[in-house]
Amino acid sequence: MSDLSELESRASAELAASADEGALRAWNTKYFGKDGEIPTALKRVGSVPPDERKSYGQNANRIKEALSTAYNAALSSAKERALEQSLATEKLDVSLPGRPTPRGRLHPSTRTLRLIYSIFADMGFQVYRSRDVEDDETNFGLLNMPLHHPARDMWDTFHTTTPGVLLRTHTSPGQIHVMRELCPSPIRVILPGMCYRYEQITPRSEIMFHQVEGLAVGRGISMTDLKGTVIAFARRLFGEERQIRIRSSYFPFTEPSIEVDIDWPKEDPNADRLTKGTGWLEIMGAGMVHPTVLRNGGYNPAEFSGFAFGMGPERITMLRHAIDDIRQFWANDLRFLRQF
Ligand code: DAH
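Residues numbered from 1 in each chain as written. Predicted model: local features only at pLDDT ≥ 70, side-chain atom pairs only at ≥ 80, totals over all residues. Heavy atoms only, no water.

Helix and strand counts for the chain come out as 13 helices and 9 strands. In summary, the chain has a C-alpha radius of gyration of 42 Å against a globular reference of 20 Å for 340 residues, an excess of more than 25%. The dimensions of the chain, computed from C-alpha atoms along their principal axes, are 130 × 50 × 40 Å. Counting across all 340 residues of the chain, residues that qualify as buried make up 41%. Long-range contacts, defined here as pairs at least 24 residues apart, represent 67% of the contacts in the chain between residues at least 6 apart. On the chain, roughly 19200 Å² of surface is accessible, and the fraction owed to carbon and sulfur atoms is 53%. Side chains of the chain give 42 positive and 43 negative charges; the mean places of these two sets differ by 2 Å. (Helix = DSSP H or I, 4+ residues; strand = E, 2+ residues; numbered from the N terminus. Rg over C-alpha atoms; globule rule 2.2 N^0.38 Å. Buried < 20%, exposed > 50% of the residue type's maximum accessible area, 1.4 Å probe, protein only. Contact = heavy atoms within 4.5 Å. Areas by Shrake-Rupley, 256 points an atom, 1.4 Å probe, with all protein chains shown as cover. Lys, Arg positive; Asp, Glu negative; His and termini not counted. Charge placed at Lys NZ, Arg CZ, Asp CG, Glu CD.)

What follows concerns the site of the ligand. Looking at the ligand, there are 16 residues lining it, with H170, S172, R197, Q211 and E213 nearest. Between the ligand and W155, the relevant distance is 3.2 Å, taken from an oxygen atom to a side-chain nitrogen or oxygen of the residue. In this structure, R197 approaches the ligand through a side-chain N or O atom, which is 2.9 Å from an oxygen atom. Where the shell around the ligand is concerned, the elements lending two or more residues are β5 (208-218), β8 (280-289) and β9 (305-311). Per-class residue counts for the shell around the ligand are 6 nonpolar, 8 polar and 2 charged. (Near = heavy atom within 4 Å. Polar contact = N/O pair within 3.5 Å; in protein donor to acceptor, adjacent residues only side chain to side chain. Nonpolar A, V, L, I, M, F, W, Y, C, P; charged D, E, K, R; others polar.)

Its place among the elements puts T157 in the loop between α6 (136-139) and β3 (165-167). Of the residues examined, T157 reaches a relative accessible area of 14% and is grouped as buried. Here the side chain of T157 touches W155 through a polar contact of 2.9 Å, landing on its backbone oxygen. Among residues more than four places away in sequence, those in contact with T157 are F140, L166, L167, T169 and Y198.

Helix length check: helix α2 (residues 21-32), at 12 residues, gives a terminal C-alpha distance of 16 Å against a target of 16 Å (1.5 Å per residue), a fit within 8%. Taken as a whole, α2 has its buried residues at L24, W27 and Y31. In an axial view of α2, the angular spread of the buried residues amounts to 60 degrees, which keeps them on one side of the axis. Contacts from the buried residues of α2 go to α1 (2-17), α3 (37-43) and α4 (50-89). (Expected span 1.5 Å × (residues − 1). Arc of directions from axis to C-beta.)

Within the open sheet, the 7 strands sit side by side as β1-β4-β5-β9-β8-β7-β6. Their pairing is mixed. What marks the edges here is a single partner per strand, and that holds for β1 (126-127) and β6 (244-249). Note that β1 and strand β4 (residues 187-196) share 2 bridges and pair parallel. Bridge pairing in β4 links Q126 to V189. (Pairing = 2+ DSSP bridges.)

Interhelical geometry of α1 versus α2 gives an angle of 165 degrees and a closest axis separation of 10 Å. In terms of their interaxial angle, α1 and α2 are classed as roughly antiparallel. Of the two possible hands of crossing, α1 and α2 adopt the one that is right-handed. Residues L7, R10, A11, E14 and L15 of α1 lie in contact with α2, whose contacting residues are L24, W27, K30 and Y31. Residues of the contact of α1 with α2, tallied by class, amount to 6 nonpolar, no polar and 3 charged. (Axes fitted to C-alpha atoms, helices over the stretch in contact; angles between N-to-C directions. Parallel < 35°, antiparallel > 145°, perpendicular 65-115°, else oblique. Left-handed = near helix turned anticlockwise from the far one by under 90°.)

Relative orientation and spacing of two packed helices are given, respectively, by the angle between their axes and the distance between those axes. Viewed as axis vectors pointing N to C, helix α5 (residues 108-122) and helix α11 (residues 313-321) meet at an angle of 100 degrees, and their least axial separation amounts to 9 Å. Classified by the angle between their axes, α5 and α11 sit roughly perpendicular to one another. Across the interface between the two elements, P108, S109, T112, L113, L115 and I116 of α5 pack against P313, E314, I316, T317 and R320 of α11. For the contact of α5 with α11, the class distribution of residues is 6 nonpolar, 3 polar and 2 charged.

A cluster of basic residues, R204, R273, K276 and R315, forms a positive patch on the protein surface. Here R204 is to be found in the loop between β4 and β5. The class of R204 is exposed, set by a relative accessible area of 62%. (Patch = residues over 30% accessible without salt bridge, like charges linked within 9 Å, V, L, I, M, F, W, Y side chains within 5 Å. Salt bridge = Lys/Arg side-chain N within 4 Å of Asp/Glu carboxyl O.)

As a further point, take the packing of aromatic side chains. The final tally for this structure, using the stated rule, is 16 aromatic pairs. Seen in terms of ring centroids, F120 and F125 are 5.3 Å apart; in terms of plane orientation they differ by 70 degrees. Their pairing is edge-to-face. Residue F125 is classed as buried on the basis of its relative accessible area of 7%. Between F158 and Y198 the ring centres are 5.4 Å apart and the planes differ by 65 degrees, which places this aromatic pair in the edge-to-face class. Remark: Y198 occurs in the loop between β4 and β5 and F158 occurs in the loop between α6 and β3; sequence separation between them is 40 residues. The partly exposed category is assigned to F158, whose relative accessible area is 24%. Owing to a relative accessible area of 58%, Y198 belongs among the exposed residues under this scheme. Of the aromatic side chains, those joined through ring pairs into one cluster are F120, F125, F233, F307 and F309. Against the face of W264 rests R242, its NZ or CZ located 5.3 Å from the ring centre. (Phe/Tyr/Trp six-rings, centres within 6.5 Å; stacked < 30°, edge-to-face > 60°. Lys NZ or Arg CZ within 6 Å of the ring centre and 35° of its normal.)

Spelled out as structure tokens, the structure:
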């Protein structure tokens, strides 16, 4: 009996001293576990003299019930305290204004390119990508400029250390790739991409810039189709009232070759400077695909014809946003880029 009351007071004192859930669970194992002190005390009932057995048993059971009730109460209040504490320390004020994440933005050239894609998409042109590193043959030869052809001088070229491998000077070699891939199907694509020229960098010329090439090949395509396509494009890009003007020009890969101007609104204070007083502004080179180029692409020029054009999105962006220095595009000056 005295063992039992010693057990009760010791267990109660240790329970009271168990501060958190971990300590409480350790206490529970010690007293109520498989070989814990309470089951052991209960088992001892058999070795107690018969006349004390009944009261020993009753007493042991009472202690067991009392300790188990006290344990459960202590455990639930320990859990509650832990929860309150974590709520207090990890509190989140959802009404606080968020910390702004700096957002990037699209480069002005990308914005213009996407606009161009969407206008041509509406006219059924798909985007075709071709490589930046070209061979001499595709950049020049297959475009009707054999070695030593004087027209090659129109494009100052970055050559690599591998003979015959260069950075494309224009997107026109993409015409050869797309024709060879799709021949003999009709073609209606635009070919956007970066071009490279070994030039003096000035406010008006850069060594790298985008071009968007266009190519349509099929049966019965004529200059009228080119004209209609270009005027629809110019009106979507620059306004419904736009007129275009076609001047004859020369490119080795088109015959006839033209340059396309659009009229520039006289109300624009920059009109005189942009158009050099003429009221017209050049937006692209174009023409009917030369029979030799069609043949190099796999098409029989007696059966197929096509038109092509090439324009500069940076130039278009400069017009749309009155940017007066092309070097801004690749300078990565955030003060410039943040304006768009
Ligand atoms: N490739 C020419 C250039 O870089 C632009 C051009 C002119 C592309 C006429 C064409 C075209 O497709 O038909 O100056």
